[in-house]
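Now for the letters of each chain:
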Amino acid sequence: MTQDAKVRVATVWLSGCSGCHMSFLDQDERLIDLAKKITLVYSPIADVKEFPENVDVTLIEGAVANEEQLAMLKKVRSRTKVLISLGDCAVTGNVTALRNSWHHSDQAILERAYKDPADLNAAIPTAVPKLLIKAHPLHEMIKVDFYIPGCPPSADLINYVLVELLAGRTPMMEGRSKYG
Amino acid sequence: MVKPNNEKKITISPITRIEGHAQVTILLNDDDSVKEALFKVVDFRGFEKFTEGRPFYEMPSITSRACGICPVSHLLASAKACDAIVGLSPPKTAEMLRRLMHMGQLIQSHALNFFHLSSPDLLLGLDSDPAQRNIFGLIEKQPELAMRGIKLRKFGQELIEKIAGKRIHSSDWIMPGGAKWPLTKERADYLSANLPEALDSTQKTLEMYKNMLGGFEEEVENFGNFPSYYMGLVTGDGGLEHYDGTLRIIDKNGKVVAECVDPTKYSEFIGEAVEPWSFMKFPYFKAVGYPEGAYRVGPLARLNVASHCETPLANEELKQFKKMGKNGVVQSTFHYHYARLIETLFCIETAKNLLEDPEILSEHVTSKALVNRYEGVGVAEAPRGTLIHHYKVDPQGLITWNNMIIATEHNNIAYNMAVTQVAKKYVKAKTLQEGMLNRVEAVIRAFDPCLSCATHAIGNMPLDVRLVDADGKLVDRKVR
Amino acid sequence: MSTNGVKLKIDGVEVAVPEGTTILKAAKDNGIIIPTLCNLEGLTAYGGCRLCLVEVSGTPKLFPACTTPVAPGMEIITASDKLKEYRKMVIQMLLAERTHICSACVANDHCELQAMANQLGVDHVMFERNWSKDDIDLSHDFLAIDRNRCILCTRCIRVCDQIEGVHTLDLKLRGKDTEVIMDLDERWANSCSCTSCRKCAKVCPVGAIYIEGEPIGHTKRKDIAEFILARRNRK
């Protein structure tokens, strides 16, 4: 990350609630300062459709819960220098992973949603991404460089991590690792 | 609606500048004209299953995580369902604070949609460079407006934060039968001090938008402009309402066709259908059937359903708004944007009234009770429409069954009609341009979908399942 | 026995304490706080959580400070990179063993496990999580137990036995199947010995045992054992 060029930043959301992205936006006026230092090259709140190459920093929120998301995650990892798990769903699985307490939780949740009650010849949607058996935190699937816990992590914490990284420093997470 | 079957297609994936995961598949005829467009929702988490076995008082915390933009809506619907299970109505101040928090939520969510998500289209242009067509592009090109949006959203978020301790997922504060702590005078004063700026911002934006409307005649005409039913909560005398009240459904001419005085009886009026190509189900008005019984919810619907607003400034705006439609019913989806701004005004006025009421500072906010009923339903108007939480518990209070009907879900048939309409008008497959596809997305943004919410949970409502073959012919049908 | 008969070094500082003092107390009396979870003033030491492990020069073995008495000439290190890594691993193992979802927990923001993870900078868990689905017992009028959050610190068992004196709670099974039970594995409402004194809820460090309908910040009281002992022994 050179100091002169704008840093190429991306954000991605997987199986989460978008609360971490909202917390990102909760930086309020600090977004104006951020806008001077970064270019948002891919994000659900921006219109680029294909994840680009040579991304400096990617923030990912949400657990990885279906095959399409897993493929996306791997693609992001291969095109990003610094990958950050943003928020408890990405870091621990959190509420999205509550289904993991059931065996074959992918079947369990689909059955309850689409086949229950049993007297109806209901159909589980088929032309949709296949669910993974469990919902996983990101580092169980790919290498993660930094973690920002919280549900959601506060805007102050997100701002701290970004500011440190942009300045070339390593964020210190002792006392900044509160889940929930 | 047809089943996709190897037709030529154009896929827009992902839809950006909305909340959640969705794609649009545009199906083409042999001559490359648009046959139909499908709005596909592609994520699913399974809340109704994994909440089974949890103590009912954890439901606000868990369901809050269905959505990070409208967690307060879930907190409130969930708390109301829990109130029903303990068999208590909260102390007056707790209700006032919950309502005030709800106003904060509506303000911040509407500001988010208008400024952060939709205004890049409206202000930078539907055909403008995609790389710049986002909040950061807005900050660069229209800094004063971007700042106004950021501050308005901040006001809504701070309203939530000062009451409940946290901006997003503030589940620690709410509890069955009330809330855990009162509002301090210091915090109330802080909010009151910031309110005039928020009011001014909203009025300025509303004026600006009304002046711009003339330039959007084509969009008004073609972005999801079709008649439908509308549903929303209203007060006892038909006024705009978001927290309590009666659920009302009107037809395209404004006639009241259903009045659900007890919102817990929702399943008498609304049914759901399933299509194999989307995780989101398709609610419809039962008296008419599927898919003719398509109805819309959310700001546009609420303003159509309500006869007036109880606050003066918003009421004036509502009167002007209703003039655009026959019998006061406005049908174009594009006007969700306009409706959203009027609602924001209403919420700020309501927040002002609540903050000025001395009872808002009373310390009596908690109740103490445990399981007294084994079933509870909570209904609230989320920013995007009617939200229903329905729980059943065992005698210990552990959830045995959970059903959540989400605002965005109700609009599902309308989504598909809208994207089809826009695709047919603008998408020329032979000379495809990015701006054409952006318009398909823009009509979705007008609805302001919240798909994380919508794919939490699929309700256990009466289902109408149709099996169609490759030609779209009905092969089998089961109705529960 | 002389009052400060044992001389030793803790983190390079010479200290003198009475014979029989644990390393944990010796450190605390000299201003050094060693992290703990299962330890509670007023109860016997358990040595179960392994968070208080310290280095003692002359041996590669680590010693739990809460149960190890001082010895003359001991040289103890209470904080080092190695100990920090081990402590973080302890927390990670606790988080992986059962189902810990802070955001949806009644003890969120009032939890010693959560606070310790935060203090140590445990920003993720390297072990694959177990996602247990253990029994939740809400049968009692107001005391609740969610075993998915239990870290088997046994504070509840010790306070019930040593302070209330009725020994309602104990453990069953072993290893990862170990669970806290009431009497001979009864539903709490059917326990014949429980006096509903709520001390178990007051000392639980996490959201496993709590009082329904009561904000957990009001329930928890870490000094309850110490307080009762002091009152009991007053002249």
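For the structure itself, look to the data block above.
Within each chain, residues carry numbers counting from 1 in the order of the written sequence. Key to labels: chains lettered from A, ligands numbered from 1, both in the order written. For a predicted model such as this one, the threshold for reporting local features is a pLDDT of at least 70, and the threshold for listing and counting side-chain atom pairs is 80 or more; totals across whole chains, interfaces and linings nevertheless cover every residue. Derived side-chain values reflect all non-hydrogen atoms in the structure, with water molecules and hydrogen atoms excluded from consideration.

Chemist: So what about the overall build of chain C? Which residues, and what values?
Modeler: Strands here are runs of E lasting at least two residues and helices are runs of H or I lasting at least four, both read from the DSSP assignment and numbered beginning at the N terminus. Scanning chain C for helices and strands turns up 7 helices and 10 strands. Only C-alpha atoms enter the radius of gyration; for comparison, a globular chain is expected to reach 2.2 Å times N to the power 0.38, where N is the number of residues. What you see for chain C is a C-alpha radius of gyration of 19 Å, in line with the 18 Å of a compact globule of 235 residues. For chain C, the C-alpha atoms occupy an extent of roughly 55 × 50 × 30 Å along the three principal directions. Three exposure classes are used, based on accessible area relative to the maximum for each residue type with a 1.4 Å probe and protein chains only: buried under 20%, partly exposed in between, and exposed over 50%. Across the 235 residues in chain C, those meeting the buried criterion constitute 52%.

Chemist: Can you tell me about the interface of chain C and chain A, naming the residues and giving the values?
Modeler: Facing the 24 residues of chain C at the interface are 23 residues of chain A. Between Asp109(C) and Lys178(A) there is a salt bridge, with the nearest N and O atoms lying 2.4 Å from each other. In the analysis that follows, any N or O atom pair within 3.5 Å is treated as a polar contact, provided that within protein one partner can donate a hydrogen and the other can accept it, and provided that, for residues neighboring in sequence, both atoms belong to side chains. At the boundary of chain C and chain A, one finds 13 residue pairs in polar contact (both at pLDDT 80 or more). Polar here means any residue outside two lists: the nonpolar Ala, Val, Leu, Ile, Met, Phe, Trp, Tyr, Cys and Pro, and the charged Asp, Glu, Lys and Arg; Gly therefore counts as polar. Of the residues in the side of chain C that touches chain A, the class split is 9 nonpolar, 9 polar and 6 charged. Working rule for contacts: check all heavy atoms of both residues, and any pair within 4.5 Å makes them a contact. Definition used for salt bridges: Asp or Glu carboxyl oxygen within 4 Å of a side-chain nitrogen of Lys or Arg.

Chemist: Tell me about the interface of chain B and chain A, residues and numbers included.
Modeler: In this assembly, 70 residues from chain B lie in contact with 57 residues from chain A. Summed over both partners, the accessible surface that disappears when two parts come together, traced with a 1.4 Å probe, is what is meant by buried area. Buried surface at the junction of chain B and chain A, summed over both partners, amounts to about 5300 Å²; 62% is from carbon and sulfur atoms. Counting the contacts that link chain B with chain A gives 8 salt bridges. In this structure, Arg133(B) engages Asp47(A) in a salt bridge whose closest nitrogen and oxygen atoms are separated by 2.7 Å. Per element, the largest residue contribution to the side of chain B that touches chain A is 6 residues, and it comes from helix α6 (residues 143–164) of chain B. The residue inventory of the side of chain B that touches chain A, partitioned by class, reads 32 nonpolar, 16 polar and 22 charged.

Chemist: Describe the sheet that holds strand β3 (residues 55–61) of chain A, listing the residues and the values that go with them.
Modeler: Residues and elements named next belong to chain A. The pairing criterion for strands is at least two bridges between them, as found by DSSP. Spatial strand order, β2-β1-β3-β5-β7: 5 strands in an open sheet with parallel pairing. Looking at the sheet topology across the chains shown, the edges are occupied by β2 (38–42) and β7 (146–148). In this sheet, adjacent strand axes meet at a mean angle of 30° when their direction is disregarded. Two strands pair when backbone bridges link them, and β3 and strand β5 (residues 80–86) are joined in this way by 6 bridges, in the parallel orientation. Residue pairing for β5: valine 57 is matched across the bridge by valine 82. For helices, the fitted axis covers only the stretch in contact; all axes are lines through C-alpha atoms, and the angles between them, taken along N-to-C directions, range from 0 to 180 degrees. Contacting β1 (7–13) and β2, helix α2 (residues 30–37) runs over the sheet at an angle of about 85° to β2.

Chemist: With reference to specific residues and values, describe the nonpolar core.
Modeler: Residue and element names in this part refer to chain B. The nonpolar core is taken to be a set of buried Ala, Val, Leu, Ile, Met, Phe, Trp, Tyr and Cys residues, with the residues joined through side-chain atoms within 4.5 Å. Among the nonpolar cores identified, the biggest contains 165 residues, and Val24 and Ile26 are the most heavily contacted of them. The dominant element in this core, judged by the number of residues it contributes, is helix α4 (residues 92–124), at 16 residues. In this view, valine 24 contacts Ile10, Thr11, Ile12, Ile15, Ala37, Leu38, Phe39, Val419, Val440 and Ile444; residues no more than four positions away in its chain are not counted.

Chemist: Which residues make up the sheet that holds strand β13 (residues 385–393) of chain B, and what are the values?
Modeler: All names here are of chain B. Pairing is antiparallel in the open sheet, where 3 strands are placed in the order β12-β13-β14. Every other strand in the sheet has two partners, leaving β12 (375–382) and β14 (399–405) as the edge strands with one partner each. Taken pair by pair, the neighbouring strands of this sheet meet at an average axis angle of 10°, ignoring direction. In this sheet, β14 lies alongside β13 in antiparallel orientation, the contact comprising 6 bridges. By the bridge assignment for β14, histidine 389 is matched with methionine 404. Each of β12, β13 and β14 touches helix α3 (residues 71–86); the most contacted strand, β12, lies at about 155° to it.

Chemist: Describe in detail the pairing of β1(A), supporting the description with residues and values.
Modeler: Residue and element names in this part refer to chain A. A large share of β1 lies buried, amounting to 6 of its 7 residues. Two elements, β1 and β2, share 4 bridges in a ladder whose sense is parallel. Note on β2: the bridge partner recorded for alanine 10 is tyrosine 42. Sheet topology note: the β1/β3 ladder contains 5 bridges and is parallel. Note that in β3 the partner of valine 12 across the bridge is isoleucine 60.

Chemist: A description of the packing of α2(A) against helix α6 (residues 155–166) of chain A should follow, citing residues and the corresponding values.
Modeler: Residues and elements named next belong to chain A. Interaxial distance between α2 and α6 falls to 12 Å at its minimum, and their mutual angle equals 25°. It follows from the interaxial angle that α2 and α6 lie roughly parallel. Between α2 and α6 the crossing geometry is left-handed. Residues Arg30, Leu34 and Lys37 of α2 touch α6, and the partners they reach there are Ala155, Asp156, Asn159, Leu162 and Leu166. Within the contact of α2 with α6, the residues separate by chemical class into 4 nonpolar, 1 polar and 3 charged. When an angle is under 35 degrees it counts as roughly parallel; over 145 it counts as roughly antiparallel; between 65 and 115 it counts as roughly perpendicular; any other value is oblique. Left-handed is the label given to a crossing in which the near helix is rotated counterclockwise from the far helix by less than a right angle, and right-handed is the label when the rotation is clockwise.

Chemist: Please set out the pairing of strand β9 (residues 179–182) of chain C residue by residue, giving values where relevant.
Modeler: Residues and elements named next belong to chain C. Residues Glu179 and Ile181 line one face of β9 and the alternating positions Val180 and Met182 line the opposite face, and both faces are buried. With 4 bridges connecting them, strand β8 (residues 169–172) and β9 associate as antiparallel partners. Residue pairing across strands places leucine 171 opposite valine 180, the latter belonging to β9. Connecting β8 to the next strand, β9, in antiparallel fashion are 6 residues, including leucine 173 with a positive phi near 60°.

Chemist: Describe the side chain of His100(C), naming the residues involved and giving the relevant values.
Modeler: All names here are of chain C. Inspection of the secondary structure assignment puts histidine 100 in the loop between α2 (81–97) and α3 (112–120). Here the side chain of histidine 100 touches leucine 94 through a polar contact of 3.3 Å, landing on its backbone oxygen. Residues within four places of histidine 100 in sequence aside, it is in contact with Leu94, Leu95, Leu113, Arg129, Asn148, Arg149 and Ile151.

Chemist: If you had to explain the packing of aromatic side chains to someone new, which residues and values would you point to?
Modeler: Residue and element names in this part refer to chain B. The pairing test for Phe, Tyr and Trp rings, Trp by its six-membered ring, is centres within 6.5 Å, and the orientation test on the planes gives stacked under 30 degrees, edge-to-face over 60, and tilted for anything in between. In total, this model carries 17 aromatic pairs over all chains according to the counting rule given. On the basis of an interplanar angle of 80° and a centroid distance of 5.1 Å, the ring pair of phenylalanine 114 and phenylalanine 115 is categorised as edge-to-face. For phenylalanine 114, a relative accessible area of 2% translates into the label buried. Overall, phenylalanine 115 belongs to the buried group, its relative accessible area being 2%. Ring centres of phenylalanine 223 and tyrosine 426 lie 6.1 Å apart, and the angle between their planes is 85°; on these two criteria the pair is classed as edge-to-face. Taken together, the residues phenylalanine 223 in the loop between α8 (217–222) and β6 (229–234) and tyrosine 426 in helix α13 (residues 412–426) connect sequence positions 203 residues apart. When its relative accessible area of 1% is taken as the criterion, phenylalanine 223 is described as buried. Among the residues examined, tyrosine 426 registers a relative accessible area of 11% and is labelled buried. Taken together, Phe114, Phe115, Tyr209, Phe321 and Tyr338 form an aromatic cluster joined through their ring pairs.

From the geometry alone we can't say anything about function, so treat these as descriptive.
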